[in-house]
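# Per-entry structural report
Letter by letter, the chains look like this.
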Amino acid sequence: MRRLFISATTLLLATSAPLAMAADPMSLVLNWTPTADHSPLYYAKSKGWYNDAGIDLKIEAGKGSGVAAQRVGAGASNVGIADLPTAMQAKGKGADLKAVMVVYANSPQGFYWLKSSGISGPKDFAGRKIGNPPGDASRMMWPAFAKKTGLAPDAVTFVNISPPAKVAALKSKSVDIISDFYNEHDLKAQEFGADLGFVAWRSMGVNVYGNSIVANGAYLAANPERMKKFVAVTQRAYAACVQDFEPCLKALTTEVSGLNPDNQRNQWSRIKQLMRDDTTTKVALGSFDGARVKADYDLVQSLIGIDKPFDPATLFTNDFLDKNLRMTAN
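Everything quoted here is computed from the prediction, not taken from an experiment. (Residues numbered from 1 in each chain as written. Predicted model: local features only at pLDDT ≥ 70, side-chain atom pairs only at ≥ 80, totals over all residues. Heavy atoms only, no water.)

### Some remarks on the overall build of the protein
- A count of helical and extended segments in the protein gives 14 helices and 10 strands.
- Judged by the C-alpha coordinates and their principal axes, the protein covers about 90 × 45 × 35 Å.
- Expressed as a percentage of its 330 residues, the buried residues of the protein come to 54%.
- Looking at the protein, you have 37 positive and 30 negative side-chain charges, and the mean spots of the two groups are 2 Å apart. (Helix = DSSP H or I, 4+ residues; strand = E, 2+ residues; numbered from the N terminus. Buried < 20%, exposed > 50% of the residue type's maximum accessible area, 1.4 Å probe, protein only. Lys, Arg positive; Asp, Glu negative; His and termini not counted. Charge placed at Lys NZ, Arg CZ, Asp CG, Glu CD.)

### Some thoughts on the pairing of strand 9 (residues 196–200)
- Most of strand 9 sits inside the fold, with four of its five residues counted as buried.
- Summarising the sheet, strand 5 (residues 109–114) and strand 9 pair through five bridges and their orientation is antiparallel. Of the residues in strand 9, the one forming a bridge with Gly110 is Ala200. (Pairing = 2+ DSSP bridges.)

### Quick look at the packing of aromatic side chains
- For the structure shown, the criterion picks out 17 aromatic pairs.
- Seen from their ring centres, Tyr50 and Phe230 are 5.8 Å apart, and the 20° between their planes marks the pair as stacked. In this pair, Tyr50 is assigned in helix 3 (residues 49–52) and Phe230 in helix 10 (residues 224–243), connecting sequence segments 180 residues apart. By the burial criterion, Tyr50 is buried, and Phe230 matches it.
- An angle of 35° between the planes, with centres 5.0 Å apart, marks the rings of Phe145 and Trp201 as tilted. Taken as a pair, Phe145 in helix 6 (residues 137–148) and Trp201 in the loop between strand 9 and strand 10 (211–216) lie far apart in primary sequence, 56 residues in all. For the residue pair Phe145 and Trp201, the accessibility class agrees, reading buried in each case.
- Through a chain of ring-to-ring contacts, three or more aromatic side chains come together here, namely Phe111, Trp113, Phe125, Trp142, Phe145, Phe158 and Trp201.
- The lysine or arginine in question, Lys91, covers the ring of Phe310, its NZ or CZ lying 5.3 Å from the ring centre.
- Residue placement shows Lys188 over the ring face of Tyr112; its charged tip is 4.7 Å from the ring centre. (Phe/Tyr/Trp six-rings, centres within 6.5 Å; stacked < 30°, edge-to-face > 60°. Lys NZ or Arg CZ within 6 Å of the ring centre and 35° of its normal.)

### Notes on the state of the cysteines
- Following the criterion strictly, the structure yields one disulfide and no others.
- Here Cys241 pairs with Cys248 through a disulfide, and the sulfurs are 2.0 Å apart. Across the S-S bond of Cys241 and Cys248 the torsion is about -100°, and the bridge reads as left-handed. The same class applies to Cys241 and to Cys248, which are both buried. (Disulfide = S-S within 2.5 Å.)

### Some points on the packing of helix 4 (residues 65–74) against helix 5 (residues 84–92)
- Interaxial distance between helix 4 and helix 5 falls to 9 Å at its minimum, and their mutual angle equals 45°. On the basis of their axis angle, the class for helix 4 and helix 5 is oblique. The two elements helix 4 and helix 5 meet at a crossing, and its hand is right-handed. Of helix 5, the residues touching helix 4 (which contributes Ser65, Gly66 and Ala69) are Thr86, Ala87 and Ala90.
- Its residues assigned to classes, the contact of helix 4 with helix 5 comprises three nonpolar, three polar and no charged. (Axes fitted to C-alpha atoms, helices over the stretch in contact; angles between N-to-C directions. Parallel < 35°, antiparallel > 145°, perpendicular 65-115°, else oblique. Left-handed = near helix turned anticlockwise from the far one by under 90°. Contact = heavy atoms within 4.5 Å. Nonpolar A, V, L, I, M, F, W, Y, C, P; charged D, E, K, R; others polar.)

See the structure below:
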């Protein structure tokens, strides 16, 4: 009997242990293909942090902030990464989403051109072709940039090109201007040298929040503890990568082929600049400032429009962030 008892107990432990350790699936859609700004996600996965928190995270490459916001808002993905003003516009169209952590506290958006084309700045954009993907956040936010710089929203023609084709399109002069994140600045500076023209949106008075982690509203309401664990791991991963990028770079390049490590290092040095503001350094890494969110909302509403206005305070929450984790001051 004793042997049977031990065998039954052993069997019970053997069958119950996997159930206790089983991780709940969670889907995350990126804004674009994986690069340095997504490396903390891959680092946390490689360390097993999400699994330790009971989360089986599946990461999917994206096709623009607009698409990511729509997917999350419709419940096709549990969480995602999207430019915050783009998420605002999606919410105004009925998307059910809420931002739970900001990655870019400053706008990463910029425009690039060749000085030899006769363009000296945004005032010369009229009548020109801008190359970017159709789901790109800069295309959706173009009316705000145009009005801020005194251009008519229809003053330019947009040409559909994929992210990897931007530099080639500018070099071949099939487009006059390309939009891109500041992360990739070094590659273009190396390619075009002194002929490169550049303007950062934030220098033109359009410094809206950039990439943020957004969650489906219904999923968040049904799984608050899971979301708390997800944000805790993600915030911890970003903090770790700020301190030492090399392990994060290794995790990214191990999982994603075709990335140049030196380029990704250059990107991360600029990403850290974009992550840093008074709120992320003094309150918590990834924290939103309510007044800034409202200012962004007012900008989007006045210059672009929001189909169904809402209280901007309902767009985000800082409740899941650890106040002991802060962005470094330099």
